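For reference, the chains in residue letters:
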Amino acid sequence: MVGDKRLGQQEGSTGSAPDRSWREEAELTRGGTRIDLEWEDGHHPEAVPELRPHESDVAGPGAGCRPPRPRAGAAVVRPAQLPAAVADFTGRADVVRELNDRLTARTEPDGRPAAIAIAGTGGIGKTTLAVQVAHTARHHFTDGQLYVDLGGAGSSPADAEAVLGAFLRALGTPDAAIPDGTEERAALYRSALAGRRVLVLLDNARDTAQIGPLLPGDTAPGCVALVTSRAHMAGLEDSHVIDLDAMSPAEAFDLFALIVGEERAGVERSEVMDVVAACAFLPLAIRIAACRLASRRTWTVSVLARKLADERRRLDELRAGDLAVKATFELGYGQLEPPQARAFRLLGLVGGPDISLPAAGAVLGLDEEDTAGLLTLLQDISLLESAVPGRYRFHDLVRLYARACAERETQDTAERDEALSRLLDFYLATAARVYAMERPGDRTVGHFEATGHPGLCFASSGAALDWLFAEADGLIACVLQCTGAGTRRRAADLLMGALDLAESGAKSRQYETAARAVSEAAHTAEDFRTEARARSALGHLYSFTGRFDRADRELRCALELDGEDPVVASRAANQLGIVASGRGRYEDAERYLGQALDAFRAEANEAGEASALANLSRLHVNRGRTRTGVQLAEQGLAIYRRLGAPLRLANGMYTLGIALTRAHRLEEALVQLTQALELFRDARQPLWEGMTQFRLAEIHLAANRPAKAVEHAEHALALGGLGGEWRRFCFLTVLAKALMALGRRSRAQECRRQARAIRERLGSPEPEEVRQLLSDPAPGFPAEPDPYPGQRSSLWTPGP
């Protein structure tokens, strides 16, 4: 029968029948049956297929649900069908402990659950774990263990009726006593388990429908079913489900070392970690990689690591003998209906660690309801994971397989390109909405490329920012994938629309990589407008992270490439004014800021106008014109208040706070900066938060409150890594001065030493405010010679 071959041999079976004809004759003379004789001898009835039961053995009430019972003194049949445990099993200690506790509890009175299901993607180690646990717990199941591979991941899953027949024979039921039909066999199976303690290992189940008839049932409280499946057995009653995840890095290393040898792994520990990371901590992949290395004594671990570093060849490299990661995934993929297979392939093209439901809908070109249905199906069979509601991700190796399927099965690249283009449209349209909500009155998004997606709507500015930061990785990955002719301009606009990511400092490195990729692709294609916008975005980022030389170079280039583009003409000029002011080039700064102000006003861009006024305020303060500096800051703040933009309002308060500090109106400045700090925190802008803490430290130091200055400087320093080296220099210097004022000379000297080291690393002229800090001694510190003589401000004004 189908499924019988998947079953092991029961304990005590010899497969032959000894000569007992004289006993048969005697038994029959007494009115017994040959089946009775088999029970008395303790032999398995299937070993003597020619024997047939007496009519009374199968007739009468309950005959279809109760197995024949052995006579007193007959041997009890105890199947022992568990596969051999893996000799090098390691890790999973917590899960093994939990499963053993639950299995043990089931054998006690009123113990629960009746079934334990282990779910997870192919190669995650479900079967290995289940077999290990079953061997560990089998002494609790004194009446035996049943096992079957249900073939659920393949194209021909085992038939429940056939499996029940095999189980019944293993439990001692004669062939002739086994009825036809799944329901009849299931009833007889449950009766056979009644009063026994049997562990039933149902490996590789397809779904709950397949295993339903194979569960012991309430009449067998001493029995338990241990199930493994790629499907999540959510509908399995009276069960406990464990979703098995990848191994931890430590467990992965231990498994690899156990196979290749502790000494060999220990010599190249970092390379081993590279290998197991390339295997995405999937046990099957780790085992294959380790076996490959173990069989090649001339290889070092680094050789294997280099082979696995190439993502395009990684799945092909993860093959050893009959084991292959790709083959494991192919079993699951082969089950999919065409719409599911399409969704699997196209989602594999997407970069980023995960994807939201709306973004997935954009990729597939479907509404959210249809998309959710497809993703749920993929999740149910462990081809897709959902760590949090509404977000989905592939296991890293599954993603590579999905991408390979997309490249292999989609002959026309148009489908792949269209999927990514739809995703780009979704991100651009939605990021433009976030930008507009954060900057009311800003006309920049009106110059973006048109999209075929309307974008998401948000009830509040906070919700819009939540979306932007939640989607940051996927959004930036989409930009990197969309540098071709048909998508390049939209990718550059998306960078502009996502400027909050650059300003926050949270994703500055990834943002830089994406902007540079767009800039280089546009340069190669001589697409000057796109290149200008990408360089403008880069310059904006560099100015916020204190890399003023690079900022100056990128922004100048942007203006030269397309100074007629209203986006570049206004934004690049505005940022150049900030950079020039920070470098002490005040004439250049005033010229650039004047250009920016004119460009913003020409298109009635009020938010841009307020930004230019704020920057002019900073310029006037730097030049000692504190009265006009305060006035300009107040003009800009008034615009921000009228527009009602919380983050921009914080920027305006920050600028006014600086101007008021320089005008020695310290308490007024304190009010402005304290309010700005709260707004920056709410907007999740740690870079601006750090700078505001620094400004507050300045105020308290000037007001002779050194303890409060230390408190704010420490907070600034904790966030200072986002703003670049020169900001950290400023924070350390202010902290050193405050500490010295408190008499904490040792810590002050250490802060001063760190600041001096940063100055030496900077090596070239840095912003004017950095030079001022160098020559403005703290109490108890001698003034250091200024390595950059020339015009300077008498005020500290480290930007932004």
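Throughout, a residue's number is its position along its own chain's written sequence, starting from 1. With the structure being a predicted model, the display of local features is reserved for residues of pLDDT at least 70 and the display and counting of side-chain atom pairs for 80 or more, all residues being used for whole-chain, interface and lining totals. With hydrogens and water excluded, all non-hydrogen atoms of the structure serve as input to the side-chain values.

A.B. asks: Just give me the short version of the pairing of strand β3 (residues 199-205), but keep the residues and values in it.
C.D. replies: When a residue's accessible area, from a 1.4 Å probe over protein chains only, is under 20% of the maximum for its type it is buried; when over 50% it is exposed; and in between it is partly exposed. Runs of H or I in DSSP of at least four residues are treated as helices and runs of E of at least two as strands, each being numbered from the N terminus. A large share of β3 lies buried, amounting to six of its seven residues. Strand pairing is defined by DSSP finding a minimum of two bridges between the two strands. Here strand β2 (residues 145-149) runs beside β3; their pairing, made up of five bridges, is parallel. When the sheet's bridge partners are listed, Tyr 147 is paired in β3 with Leu 201. Pairing of β3 with strand β4 (residues 224-229) involves five bridges; the strand directions are parallel. When the bridges of β4 are listed, Ala 205 appears paired with Ser 229.

A.B. asks: Explain the environment of Ala 736 residue by residue, including any values.
C.D. replies: Counting through the fold element by element, Ala 736 comes out in helix α36 (residues 725-741). Given a relative accessible area of 0%, Ala 736 falls into the buried group. Taking the C-alpha atoms as reference points, Ala 736 and Ala 713, 23 residues apart in sequence, are found 9.2 Å from one another.

A.B. asks: Tell me what's going on with the nonpolar core, and back it up with residues and numbers.
C.D. replies: A general tendency of soluble globular proteins is for nonpolar side chains to be buried together. Of all hydrophobic cores here, the largest spans 206 residues; its most connected members are Phe 256, Val 325, Phe 344, Leu 397 and Leu 475. Only heavy atoms matter for contacts: two residues are in contact if any of them lie within 4.5 Å across the pair. Those residues in contact with Val 325 that lie beyond four places of it in its chain are Leu 282, Leu 284, Ala 285, Ile 288, Leu 315, Leu 318 and Leu 397. We define a nonpolar core as any set of buried Ala, Val, Leu, Ile, Met, Phe, Trp, Tyr and Cys residues linked to one another through side-chain atoms lying within 4.5 Å.

A.B. asks: Can you explain the packing of aromatic side chains? Please cite residues and give values.
C.D. replies: Ring geometry is summarised as follows: Phe, Tyr and Trp rings, the Trp one being its six-membered ring, pair when their centres sit within 6.5 Å, and such pairs are stacked at plane angles under 30 degrees, edge-to-face over 60 and tilted between the two. Following the criterion strictly, the structure yields 15 aromatic pairs and no others. Taking the centre distance of 6.2 Å and the plane angle of 50 degrees together, the rings of Tyr 427 and Trp 467 count as tilted. In this pair, Tyr 427 sits in helix α20 (residues 413-438) while Trp 467 sits in helix α21 (residues 461-470), placing the two residues 40 residues apart along the sequence. Summarising the burial analysis for this pair, Tyr 427 and Trp 467 share the class buried. An aromatic cluster is present here, built from Phe 329, Tyr 333, Phe 344, Phe 394 and Tyr 401 joined pairwise through their rings. By the criterion adopted, a ring carries a charge over it if an Arg CZ or a Lys NZ lies within 6 Å of its centre and within 35 degrees of its normal. The cationic tip of Arg 296 hangs over the ring face of Trp 299; the distance from NZ or CZ to the ring centre is 5.0 Å. The ring of Tyr 542 carries Arg 550 above its face, with NZ or CZ at 5.8 Å from the centroid.

A.B. asks: A description of the environment of Ala 477 should follow, citing residues and the corresponding values.
C.D. replies: The topology assignment puts Ala 477 in helix α22 (residues 472-481). The buried category is assigned to Ala 477, whose relative accessible area is 13%. Once residues within four sequence positions are removed from consideration, Ala 477 is found in contact with Gly 351 and Gly 352.

A.B. asks: Let's hear about the sheet that holds strand β5 (residues 239-243): which residues, and what values?
C.D. replies: The five strands lie next to each other as β2-β3-β4-β1-β5, forming an open sheet whose pairing is parallel. Whereas interior strands pair on both sides, the edge strands pair on one side only; in this sheet they are β2 and β5. Strand-to-strand twist across the sheet, computed as the mean angle between neighbouring axes with direction ignored, equals 15 degrees. Structural elements are reduced to axes, namely lines fitted to C-alpha atoms, with helices fitted over the stretch in contact, and the angle between N-to-C directions of any two is expressed from 0 to 180 degrees.

A.B. asks: Explain the pairing of strand β1 (residues 115-119) to me, and be specific about the residues and the numbers.
C.D. replies: With five of five residues buried, β1 is to be regarded as a mostly interior element. Judged by which residues are buried, β1 turns out to be covered on both faces: Ala 115, Ala 117 and Ala 119 on one side and Ile 116 and Ile 118 on the other are all buried. Sheet topology places β1 next to β4; five bridges connect them, and they run parallel. Directly across from Ala 119, in β4, lies its bridge partner Ser 229.

A.B. asks: Just give me the short version of the confidence of the model for the protein, but keep the residues and values in it.
C.D. replies: Residue-level confidence of the predictor is summarised by pLDDT, bounded by 0 at the bottom and 100 at the top. Averaged over every residue, the pLDDT of the protein is 84; the share at 70 or more is 84%. Across residues 764-768 the pLDDT falls below 50, and counting only partners more than four positions away or on other chains, this stretch makes 18 contacts in the model. Counted against residues more than four places away or in other chains, residues 778-800, with its pLDDT under 50, gives 81 contacts.

A.B. asks: Can you tell me about a negative patch on the surface, naming the residues and giving the values?
C.D. replies: Together, Asp 367, Glu 368, Glu 369 and Asp 370 give the surface a local cluster of negative charge. Within the element layout of this structure, Asp 367 appears in the loop between α17 (357-364) and α18 (368-380). By definition, no residue in a patch forms a salt bridge, and every one has over 30% relative accessible area; like charges are joined within 9 Å, nonpolar side chains (Val, Leu, Ile, Met, Phe, Trp, Tyr) within 5 Å. Using a 1.4 Å probe, the Shrake-Rupley method yields the accessible areas, and only the shown protein chains count as cover for residues. We define a salt bridge as a side-chain nitrogen of Lys or Arg found within 4 Å of a carboxyl oxygen belonging to Asp or Glu. Only four residue types enter the charge count, namely Lys and Arg as positive and Asp and Glu as negative; His and the chain termini do not. To locate a charge, the coordinates of NZ of Lys, CZ of Arg, CG of Asp or CD of Glu are taken.

A.B. asks: Describe α18, listing the residues and the values that go with them.
C.D. replies: Given the number of residues in a helix, its expected span is that number minus one, multiplied by 1.5 Å. With 13 residues, α18 should reach 18 Å at 1.5 Å per residue; the first-to-last C-alpha distance of 18 Å fits that figure. Inspection of α18 places Thr 371, Leu 374, Leu 375 and Leu 378 among the buried residues, and these make up the whole buried set. Across the axial projection of α18, the buried residues extend over an arc of 95 degrees, all falling on one side. Taken together, the buried residues of α18 touch α16 (338-348), α17 and β9 (391-392). Following α18 by one or two positions, Ser 382 adopts a phi angle in the positive range, close to 65 degrees. Note that the arc is computed from the directions linking the helix axis to the C-beta atoms.

A.B. asks: Requested: an account of the packing of α16 against α18, with residues and values cited.
C.D. replies: α18 packs onto α16 with a crossing angle of 85 degrees between their chain directions and a minimal axis gap of 10 Å. When the interaxial angle is binned, α16 and α18 end up roughly perpendicular. Here Pro 339, Gln 340, Ala 343, Phe 344 and Leu 347 of α16 come into contact with α18, specifically with Leu 374, Leu 375, Leu 377 and Leu 378. For this classification, under 35 degrees means roughly parallel, over 145 means roughly antiparallel, 65 to 115 means roughly perpendicular, and everything else is oblique.

A.B. asks: A description of the side chain of Arg 391 should follow, citing residues and the corresponding values.
C.D. replies: The topology assignment puts Arg 391 in strand β9. Each polar contact in these results corresponds to two N or O atoms within 3.5 Å; when the atoms are within protein, one needs to be able to donate a hydrogen and the other to accept it, and residues that are neighboring in sequence are counted only if both atoms are side-chain atoms. In this structure the side chain of Arg 391 is engaged in a polar contact, spanning 3.0 Å, whose partner is the side chain of Asp 354. Beyond its immediate chain neighbours, meaning those up to four positions away, Arg 391 contacts Asp 354, Ile 355, Ser 356, Glu 385, Ser 386, Ala 470 and Glu 471.

A.B. asks: Could you give me a rundown of unusual backbone geometry, with the residues and numbers involved?
C.D. replies: If you check the backbone angles, Arg 92 has positive phi at about 60 degrees while not being a glycine. Looking at the secondary structure, you find Arg 92 in the loop between α3 (55-58) and α4 (93-106). When its relative accessible area of 8% is taken as the criterion, Arg 92 is described as buried. Despite not being glycine, Ala 604 shows a phi value in the positive range, around 55 degrees. Checked against the element boundaries, Ala 604 lands in the loop between α29 (586-602) and α30 (606-622).

A.B. asks: How would you sum up the packing of α17 against α18? Please name residues and give values.
C.D. replies: Running from N to C, α17 and α18 cross one another at 95 degrees; their axes reach a closest spacing of 9 Å. Between α17 and α18, the crossing angle belongs to the class labelled roughly perpendicular. Residues Leu 357, Pro 358, Ala 360, Gly 361 and Leu 364 of α17 touch α18, and the partners they reach there are Glu 368, Thr 371, Ala 372, Leu 374 and Leu 375. The class makeup of the residues in the contact of α17 with α18 is seven nonpolar, two polar and one charged. Here the term charged refers only to Asp, Glu, Lys and Arg, the term nonpolar to Ala, Val, Leu, Ile, Met, Phe, Trp, Tyr, Cys and Pro, and the term polar to all other amino acids, Gly among them.

A.B. asks: Please set out the pattern of salt bridges residue by residue, giving values where relevant.
C.D. replies: One pass over the full model with this rule turns up 50 salt bridges. Between Asp 442 and Arg 571 there is a salt bridge whose closest N-O contact spans 4.0 Å. One end of the pair, Asp 442, is in the loop between α20 and α21; the other, Arg 571, is in helix α28 (residues 566-582), and 129 residues separate them in sequence. Taking the relative accessible area as the measure of exposure, Arg 571 reaches 11% and is therefore buried. The salt bridge involving Arg 648 is made with Glu 503; its shortest N-O contact spans 3.7 Å. With Arg 648 in helix α32 (residues 646-662) and Glu 503 in helix α24 (residues 499-504), this pair connects stretches of sequence that are 145 residues apart.

A.B. asks: Explain α22 residue by residue, including any values.
C.D. replies: Among the ten residues of α22, seven are classified as buried, and the element is accordingly described as predominantly covered. Buried within α22 we find Ala 472, Gly 474, Leu 475, Ile 476, Ala 477, Cys 478 and Val 479. Looking at the packing, one finds that the buried side of α22 touches α20, α21, α23 (488-497), α24 and α25 (508-524).

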